[in-house]
Each structure stands twice: as C-alpha cells, then as structure tokens.
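What follows is each chain in one-letter form.
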Amino acid sequence: SVPWTFDPHEVDRSISFSRRRADDAVKARVSVIGIPYTFPDSTVDWQYNLTFDRADLANNREWGVQLNRMSFWRDLGRAYWATGDEVYAQAFAVQLRGWIEQCPRPSSGRSGFAPAWRTIEAGIRLTSVWMECWHRFLHSPSLSDEDLMMFLMSIAEQAQHLRENPSRGNWLAHEMGGLYTAGGLFPELVEAADWRKFAIDKMHDALTDQ
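About the criteria used
Residues numbered from 1 in each chain as written. Predicted model: local features only at pLDDT ≥ 70, side-chain atom pairs only at ≥ 80, totals over all residues. Heavy atoms only, no water. Helix = DSSP H or I, 4+ residues; strand = E, 2+ residues; numbered from the N terminus. Rg over C-alpha atoms; globule rule 2.2 N^0.38 Å. Buried < 20%, exposed > 50% of the residue type's maximum accessible area, 1.4 Å probe, protein only. Contact = heavy atoms within 4.5 Å. Lys, Arg positive; Asp, Glu negative; His and termini not counted. Charge placed at Lys NZ, Arg CZ, Asp CG, Glu CD. Axes fitted to C-alpha atoms, helices over the stretch in contact; angles between N-to-C directions. Parallel < 35°, antiparallel > 145°, perpendicular 65-115°, else oblique. Left-handed = near helix turned anticlockwise from the far one by under 90°. Nonpolar A, V, L, I, M, F, W, Y, C, P; charged D, E, K, R; others polar. Phe/Tyr/Trp six-rings, centres within 6.5 Å; stacked < 30°, edge-to-face > 60°. Lys NZ or Arg CZ within 6 Å of the ring centre and 35° of its normal. 1 Å grid on protein atoms, 1.4 Å probe; cavity = no way out; pocket = protein on both sides within 12 Å on 5 of 7 lines; lining within 4 Å. Points joined across faces, edges and corners; volume = space filled by probe spheres on them. Salt bridge = Lys/Arg side-chain N within 4 Å of Asp/Glu carboxyl O. Pairing = 2+ DSSP bridges.

Chemist: Any chance you could break down the overall build of the chain for me, citing the residues and the numbers?
Modeler: Secondary structure summary: the chain contains nine helices and two strands in total. Starting at the N terminus, the α and β elements of the chain follow one another as α-β-β-α-α-α-α-α-α-α-α. Taken against the 2.2 N^0.38 rule, which gives 17 Å for 210 residues, the C-alpha radius of gyration of the chain at 17 Å falls within 12% of a compact globule. Taking the principal axes of the C-alpha coordinates as reference, the chain spans close to 50 × 45 × 30 Å. Within the chain, the proportion of its 210 residues that are buried is 47%. In the chain, the share of contacts with a sequence separation of at least 24, taken over all contacts with a separation of at least 6, comes to 68%. The distance from the centre of the 22 positive side-chain charges to the centre of the 28 negative ones in the chain is 5 Å.

Chemist: Just give me the short version of the packing of helix α4 (residues 86-102) against helix α6 (residues 129-137), but keep the residues and values in it.
Modeler: Two elements in contact, α4 and α6, have axes separated by 12 Å at closest approach and are oriented at 135°. Compared by their axis directions, α4 and α6 come out oblique. Judged by the twist between their axes, the crossing of α4 over α6 is left-handed. In this structure, α4 contributes Y88, A89, F92, L96 and W99 to the contact, and α6 contributes W130, C133 and F137. For the contact of α4 with α6, a count of residues per class yields eight nonpolar, no polar and no charged.

Chemist: Residues and numbers for the packing of aromatic side chains, please.
Modeler: What characterises a pair of aromatic rings is the spacing of the ring centres plus the angle enclosed by the ring planes. Taken as a whole, this structure holds 18 aromatic pairs when the rule is applied. Summarising the aromatic geometry, the rings of W99 and W130 are spaced 5.3 Å apart at their centres and angled 75° between planes, so their arrangement reads as edge-to-face. One end of the pair, W99, is in helix α4; the other, W130, is in helix α6, and 31 residues separate them in sequence. For the residue pair W99 and W130, the accessibility class agrees, reading buried in each case. Sitting over the face of the ring of F6, R136 holds its NZ or CZ atom 3.9 Å from the ring centroid. The cationic tip of R163 hangs over the ring face of F198; the distance from NZ or CZ to the ring centre is 3.9 Å.

Chemist: An account of the layout of surface pockets is needed here, citing residue identities and associated values.
Modeler: Each pocket or cavity is described by its volume, and for the largest pocket that value is around 290 Å³. Lining the largest pocket are 16 residues, and of these S1, V2, W134, H135 and L185 lie nearest its centre. Broken down by class, the residue content of the lining of the largest pocket amounts to eleven nonpolar, three polar and two charged.

Chemist: Explain α6 residue by residue, including any values.
Modeler: For α6, the tally of buried residues reaches nine of nine residues, placing the bulk of the element in the interior. Where the residues of α6 are buried, they touch α3 (71-83), α4, α5 (119-127), α7 (145-164) and α8 (169-185).

Chemist: Any details on the environment of V190? Residues and values, ideally.
Modeler: If you trace the backbone, V190 turns up in the loop between α8 and α9 (192-209). Here V190 falls in the exposed class, since its relative accessible area comes to 83%. Placed 167 residues apart in sequence, V190 and D23 show a C-alpha to C-alpha distance of 38 Å.

Chemist: Break down the pattern of salt bridges for me, citing the residues and quoting the values.
Modeler: Following the criterion strictly, the structure yields 13 salt bridges and no others. The residue R29 makes a salt bridge to D24 at a minimum N-O spacing of 2.6 Å. Owing to a relative accessible area of 37%, R29 belongs among the partly exposed residues under this scheme. One continuous salt-bridge network, built from bridges that share partners, spans E62, R69, R118 and E121.

Chemist: Which residues make up the pairing of strand β2 (residues 35-38), and what are the values?
Modeler: Taken together, the four bridges between strand β1 (residues 29-32) and β2 define a ladder with antiparallel strand orientation. Note that in β2 the partner of V30 across the bridge is Y37. Taken together, β1 and the strand that follows it, β2, pair antiparallel across an intervening segment of two residues, in which I33 is found at a positive phi of about 45°.

All quantities given are derived from atomic positions and should not be read as evidence of function.
Laid out in structure tokens, this is it:
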C-alpha cells in the first residue's frame, strides 16, 4: 500500500529510455567507473574486478565494488516499461538470481565484507535501483513467485545488514536512506518499524554531531 514514485499497476509506455544501454545490459555489457567490460556468455560475475586482470589498468577495488550498484538495471526496467519486451525482464531475472546465488549475506561484523556487501553499496541499492526494479518488474511473467520471494528476501537481508553495521559520515547517510526505504516500502515485514526508527534516530544523531 506504500507508493513509490510511480504506480506499478499503471505502466507508462511513454517514458524515455535508452535502447542501446538496455540492450548492452541484456548482453552483460557494463561500464563501471568509466571502464567498460562485456562479461562472457552474457553472464555477470558479481565478484569480478576487471582492473585486477588487465595489465594496462591500475588495480582499483572500486570497479568490483561499484559493479554491485547495478546502475544498468535501471535501463532494463525503463526499457521493459517502454516496450513491454520480456527480453529485458528475462535478463533482469537472470542477473538478480545470479547476484543472490553468488553473493550470500556475510556473517556479522564489519571486517572483511565482500565487495557486494559494502554498506554504502547496500544503502545505495535499497534507496534507488533495487526498489525501482521491484516496481518495474513486479507484474512481469518472466519473474516467478519464487523470484519475487528471493528478491524480497534479499531486500530484507540487506536491510538487516545495514541495521547491524552502521558507519558514519556520508556512508551513514546512504546506509540509513536504504534502511528507511526498505522499512517504509515494506511495512508488513516484522522488523520494518524498527528499521525506520533506527534510521531516523541515527540520522538525527549525525545531524546533531555534524
């Protein structure tokens, strides 16, 4: 019952989108921190870091980490709404399943988080692209009930991760934004009220301190 910035029941075919970027996303052709790469067999390896493999590139941990912000998923969602072509929903479903399978939730404690679970990335995902994709693909026949349950399960796990591992500064702003968004959009989850209160309290504390 909580609205997003658009209604998933009223598909708007007139929205603008980039077919080129969406088709690249289907083929797992990505650009991260300005460095492009096409994954073999159109299969994203969410734990891969191109800069560690290329001798002509300086090693940069951010390539592997920021891949997990999934900015290209937004292109899949917009293209799906504009065209109704299930190829975009099918690609999203495959990539979503791949991420959930490849990147299980880490154990508690801040040390040694895998790139996919760095807290600033989790916050950014839950504040933006994951929630947008939830609403874009909610009624697609290409996503099974099991896919939607896995999707929601992962949102809850990421929110729990943020609840247990807050940091400070601008990272905290992203983290608590994601935590509050998850608690706001899914009030039926048993922890949702606690997530919202925790996020608000943390942000008030941060504003006071800063």
